[in-house]
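Secondary and tertiary structure notes
So the chains spell out like this:
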Amino acid sequence: MNHSDFHVTRSSAATKAAAIIAILVMIVLIAAPWWAGRADMRLMGELFLYLALASLWNLMAGYAGLVSVGQQAYVGFGGYMLFALTMFGGMHPVAAIGVAGVLGAIIAIPVALLIFRLRGAYFAIGTWVIAEVFRLSFAQVSSLGGGSGSSLPVGIVRSLSESRSGRESLSYWLALGSAVIVIAAVYLFLRSRNGLALTAIRDNELAAGSLGIDIWRTKFIVYVVTAALTTMIGALIFLQKLRISPDAAFSVNDWTAFVIFIVVIGGIGTIEGPIIGTLIFFALRETLADLGTIYLMVLGVVAIVIMLKAPNGIWGLIRARFNLELFPLSFRVKQSNSSKGA
Amino acid sequence: MEWVNAVVQGTLLGGLYALFAAGLSLIFGVMRLVNIAHGDMIVLGAYLGLSVTAILGIHPLMALIIVVPCMAVIGYVLQRSILNQTLGGDLLPPLLVTFGLSVILQNALLEIYTADPQKMNAGSLETASVSVGGLSLGVLPLLTFAIAVAVIAALQWTFYRTALGRAFRATSDNQEIAQLMGLNRRHIFGLAMALALGVTAIAGIMLGIRTSFDPSIGGGRLIFGFEAVIIGGLGNLWGTLAGGVILGVAQTVGAKIDPGWQLLAGHLVFLAILAVRPNGLFPRISG
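The numbers attached to residues start from 1 for each chain and follow its sequence in the written order. In the order they appear in the text, chains get letters beginning with A and ligands get numbers beginning with 1. Confidence filtering applies because this is a predicted model: local features only for residues at pLDDT of at least 70, side-chain atom pairs given and counted only at 80 or more, and all residues used for totals across whole chains, interfaces and linings.

**Some points on the overall build of chain B**
- Secondary structure is summarised from DSSP: a helix means a run of H or I of at least four residues, a strand means a run of E of at least two, and numbering begins at the N terminus for each. Across its full length, chain B carries 11 helices and 2 strands.
- Order of helices (α) and strands (β) in chain B, N terminus to C terminus: α-α-α-α-β-β-α-α-α-α-α-α-α.
- Taking 2.2 N^0.38 as the reference for a compact globule, 287 residues should give roughly 19 Å; the C-alpha atoms of chain B span a radius of gyration of 19 Å, in line with that estimate.
- Principal axes of the C-alpha set define a box for chain B whose edges measure 60 × 50 × 35 Å.
- Around each residue's C-beta, the other C-beta atoms within 10 Å are counted; 20 or more make the residue buried, 12 or fewer make it exposed, and counts in between make it partly exposed. All C-beta atoms are placed from the backbone. By residue count, 53% of the 287 residues in chain B fall in the buried class.
- In this description, any two residues whose backbone-derived C-beta atoms lie within 7 Å of each other are considered to be in contact. Within chain B, contacts between residues at least 6 apart in sequence are counted, and of these 75% link residues at least 24 apart. This radius of gyration counts C-alpha atoms alone. The globule rule is 2.2 Å times how many residues there are, raised to the power 0.38.

**Regarding the overall build of chain A**
- A count of helical and extended segments in chain A gives 16 helices and 4 strands.
- Here chain A has a C-alpha radius of gyration of 21 Å; the compact-globule value for 342 residues is 20 Å, and the two agree.
- Taking the principal axes of the C-alpha coordinates as reference, chain A spans close to 75 × 50 × 40 Å.
- Within chain A, buried positions represent 42% of all 342 residues.

**Overview of unusual backbone geometry**
All names here are of chain B.
- Here Arg-32, not a glycine, exhibits a phi torsion of approximately 55°, which is positive.
- Here Arg-32 is to be found in the loop between helix H1 (2-31) and helix H2 (38-56).
- With 15 C-beta atoms packed within 10 Å, Arg-32 lands in the partly exposed category.
- Unusually for a residue other than glycine, Thr-114 sits at a positive phi of about 60°.
- Structurally, Thr-114 is set in the loop between helix H4 (92-113) and strand S1 (129-132).

**A closer look at the nonpolar core**
- In terms of nonpolar packing, the biggest core is built from 195 residues, with Leu-19, Ala-192 and Ile-202 of chain B touching the most fellow members.
- In terms of residue count, helix H8 (residues 185-210) of chain B provides more of this core than any other element does, 16 residues in total. Joined through C-beta atoms within 7 Å, a set of buried Ala, Val, Leu, Ile, Met, Phe, Trp, Tyr and Cys residues constitutes a nonpolar core.

**Details of the confidence of the model for chain B**
- Looking at chain B, pLDDT values average 90 and 99% of them are 70 or higher.
- Interface scoring of the predicted complex returns ipTM 0.87; its pTM is 0.89. A residue's pLDDT is simply how confident the predictor is in it, with values from 0 to 100.

**A few points about the pairing of S1 of chain B**
Residues and elements named next belong to chain B.
- As paired elements, S1 and strand S2 (residues 135-138) share 4 bridges and run antiparallel to each other. Counted as the bridge partner of Val-132 is Leu-135 from S2.
- Two strands pair if DSSP finds at least two bridges between them. The antiparallel pairing of S1 with S2 creates a hairpin that spans 2 residues between the two strands, and Gly-133 there sits at a positive phi of about 55°.

**Considering the interface of chain A and chain B**
- Tallying the contact residues gives 34 residues for chain A and 32 residues for chain B.
- Of all the secondary structure elements, the ones that give two or more residues to the side of chain A that touches chain B are helix H6 (120-140), helix H13 (252-266) and helix H15 (293-309) of chain A.
- Ranked by residues supplied to the side of chain A that touches chain B, first place goes to H6 of chain A with 12 residues.
- Residue polarity follows a fixed list, in which Ala, Val, Leu, Ile, Met, Phe, Trp, Tyr, Cys and Pro are nonpolar, Asp, Glu, Lys and Arg are charged, and the others, Gly among them, are polar. When its residues are assigned to classes, the side of chain A that touches chain B shows 25 nonpolar, 6 polar and 3 charged.

**Describing the packing of helix H3 (residues 38-63) of chain A against helix H11 (residues 215-241) of chain A**
All names here are of chain A.
- To obtain each axis, a line is fitted to C-alpha atoms, and for helices this fit is confined to the stretch in contact; angles are then taken between N-to-C directions over 0 to 180 degrees. Two elements in contact, H3 and H11, have axes whose closest approach is 10 Å; the angle formed by their N-to-C orientations is 165°. Relative to H11, the element H3 lies roughly antiparallel. Between H3 and H11 lies a crossing whose hand is left-handed. Residue-level inspection shows Gly-45, Leu-49, Ala-52, Leu-53, Leu-56, Leu-59 and Met-60 of H3 in contact with H11, the latter providing Val-222, Tyr-223, Thr-226, Leu-229, Thr-230, Ile-233, Leu-236, Ile-237 and Gln-240.
- Residues that form the contact of H3 with H11 fall into these classes: 12 nonpolar, 4 polar and no charged. Roughly parallel means an angle under 35 degrees; roughly antiparallel, over 145; roughly perpendicular, 65 to 115; everything else is oblique. Note on convention: the crossing is left-handed when the near helix lies turned anticlockwise from the far helix by less than a right angle, right-handed when the turn is clockwise.

**Concerning H13 of chain A**
- Under the 1.5 Å per step criterion, the end-to-end length of H13 of chain A is 20 Å for 15 residues, consistent within 8% with the ideal 21 Å.
- Remark: Gly-267 of chain A follows H13 of chain A within two positions and exhibits a positive phi of approximately 135°. Expected span of a helix: the number of residues minus one, times 1.5 Å.

**A few points about the environment of Phe-123 of chain A**
All names here are of chain A.
- Here Phe-123 lies in helix H6.
- Between the C-alpha atoms of Phe-123 and Leu-239, which are 116 residues apart in sequence, the distance is 30 Å.
- Among all residues touching Phe-123, those that are not within four sequence positions of it are Leu-66, Val-67, Ile-115 and Leu-118.

**Notes on H1 of chain B**
- The terminal C-alpha atoms of H1 of chain B lie 43 Å apart, and with 30 residues this matches the ideal 44 Å at 1.5 Å per residue to within 8%.
- The buried fraction of H1 of chain B amounts to 22 of the 30 residues, a majority that puts the element mostly inside the structure.

**As for the packing of H2 of chain B against H4 of chain B**
Residues and elements named next belong to chain B.
- The N-to-C vectors of H2 and H4 enclose an angle of 25°; their axes lie 9 Å apart at closest approach. It follows that H2 is roughly parallel to H4 by the angle criterion. Here H2 runs over H4; the crossing is left-handed. Between H2 and H4, the residues in contact are Asp-40, Val-43, Leu-44 and Tyr-47 and Ser-102, Leu-105, Gln-106, Leu-109 and Tyr-113, respectively.
- By residue class, the composition of the contact of H2 with H4 is 6 nonpolar, 2 polar and 1 charged.

**Structural notes on the environment of Leu-160 of chain A**
All names here are of chain A.
- Following the sequence through the fold, Leu-160 ends up in helix H7 (residues 154-160).
- Owing to 17 C-beta atoms within 10 Å, Leu-160 belongs among the partly exposed residues under this scheme.
- Remark: the alpha-carbon pair of Leu-160 and Ser-171, spanning 11 residues in sequence, is separated by 8.9 Å.
- In this view, Leu-160 contacts Pro-93, Arg-167 and Leu-170; residues no more than four positions away in its chain are not counted.

**Things to note about the environment of Ile-231 of chain B**
Residues and elements named next belong to chain B.
- Position of Ile-231 relative to the elements: it lies in helix H9 (residues 218-232).
- With 28 C-beta atoms packed within 10 Å, Ile-231 lands in the buried category.
- A sequence separation of 40 residues divides Ile-231 from Leu-271, and the C-alpha atoms of the two residues are 9.2 Å apart.
- Excluding its chain neighbours within four sequence positions, the residues that come into contact with Ile-231 are Gly-243, Ile-246, Leu-247, Phe-270, Ile-273, Gly-280 and Leu-281.

Shown next, in the form of structure tokens:
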């Protein structure tokens with residue numbers, strides 16, 4: 001047997017098939033304004049935004065070990081920046097989303113310097129304090145409606161597109177595009193040098209540090225990049241809602257609890273997990289939402305059971321059973337030719 | 001004089017925050033567990049107090065006799081049945097499981113008691129006041145502060161003077177060796193959670209007498225308790241009382257400057273202390 005018969009690769013038949021299916025699904029989804037109804041498009045738009053939020057939270061918690069329960073700080077900040085930049089800066093909403101992302105990154109730097117002093121679970125509650133500070137601060141800004149909030153003026157909404165269907169298509173594509181960009185960014189980041197460092201930190205922080213990885217710097221980059229992207233998603237969310245108030249913008253339930261449940265149920269620490277989790281979350285919501293508070297309790301119970309019995313989530317179960325991976329991230333040793341020598 | 005009054009009222013308010021924080025501090029000290037559902041458990045204590053006073057027609061303070069043991073039993077069962085499974089090297093399971101518990105508890109309370117704000121009726125105790133050196137001090141805040149001091153002294157005594165406290169400290173230092181010495185850490189953790197929720201019940205009832213409450217306020221109470229713990233320094237119970245007082249004073253002085261600034265001022269003082277003294281003012285152990 002010759003060593004040259006073997007090679008190391010990331011791709012497999014499953015990843016190639018997944019890539020082809022993904023492209024086909026993308027084509028169908030991009031064409032949605034021509035085949036889907038108005039309500040379906042709204043629902044899908046919301047689904048894509050949750051998918052993006054979940055993928056970002058998963059990058060932080062599942063890979064960098066930064067468990068935040070305060071990402072609503074950036075969702076709300078993004079929403080308010082969209083309103084401020086368009087209403088007072090006279091900016092086009094799409095440009096404002098980009099600028100909001102930059103502002104999100106800038107504000108995340110001092111925040112990270114401060115809360116990185118807290119370790120582990122205390123970091124989590126520290127992020128919540130930051131979100132509260134954001135909420136209380138924006139409630140003080142009377143030009144943005146103070147505690148009761150404000151609506152996006154009609155003129156700004158019109159500047160997106162004159163027709164209602166045009167606006168709906170545009171906001172659908174923006175949501176779809178944001179989910180694709182976030183997943184692609186997470187995927188490319190994990191394949192990069194920094195991503196390799198991050199995966200090493202996830203698997204064993206002590207060992208990663210002893211190999212010369214700058215743990216603090218890697219986590220810092222992840223935090224700031226995630227904050228910037230979350231801010232942009234937040235701006236998009238409130239471009240769809242057209243109305244903002246401090247309680248809605250900085251809601252722990254809407255922007256953190258649901259996102260955590262999505263990631264935990266789908267499978268934390270995998271790219272596929274948030275995708276599966278989002279689909280399950282929306283399927284549950286569409287069937288059980290009438291139950292109101294019972295639905296949330298069911299969701300909590302499901303998340304606890306999964307955390308205790310299958311900590312890698314549903315995707316973890318599938319992966320362990322079939323040795324399957326849809327995104328080519330881990331390396332496998334393969335035999336080059338099919339003529340298997342004895 | 002108005003400012004002196006704000007500081008004194010804030011100090012007394014700090015007693016309530018120290019009660020919020022004591023349970024959190026205890027659980028972290030013994031098993032390195034941060035309970036995200038802690039705030040909702042305070043609210044649960046308040047609602048249990050409400051039900052007991054409504055059913056038996058007794059004074060809220062008398063309800064403590066029933067609610068404290070009830071919460072302790074809930075704590076023991078919760079720890080043995082669910083939380084013990086999450087303890088290990090990994091940070092995520094305890095955090096996410098208690099987060100799930102928080103959502104379940106909040107919605108269960110919403111289902112049972114509705115979203116209407118409730119308040120416990122403590123009769124003349126609510127409005128009684130004594131006049132000290134030109135300041136008018138409410139009897140209820142004074143009583144709350146005294147209870148906070150008593151609770152923390154009792155916890156301190158339990159930790160350093162009793163066999164149970166020795167078991168807590170041993171398990172906290174090294175779980176495996178404590179196990180080898182014949183301590184069942186699952187039972188010890190159960191007792192620690194029982195003690196913590198007993199204290200939480202006191203916090204809940206004092207909260208319920210002082211202000212109105214509804215199922216959604218748990219998160220805010222968790223944050224106040226957490227801030228008091230961090231300001232005071234991890235693992236230091238008297239530090240936690242000091243942390244509660246600092247937070248309370250920051251809030252009342254902030255409210256004096258501008259009513260909208262009450263909560264914000266507390267958070268900002270917390271962040272400032274975190275920036276200057278990341279281990280708190282009186283640290284005992286490193287997190």
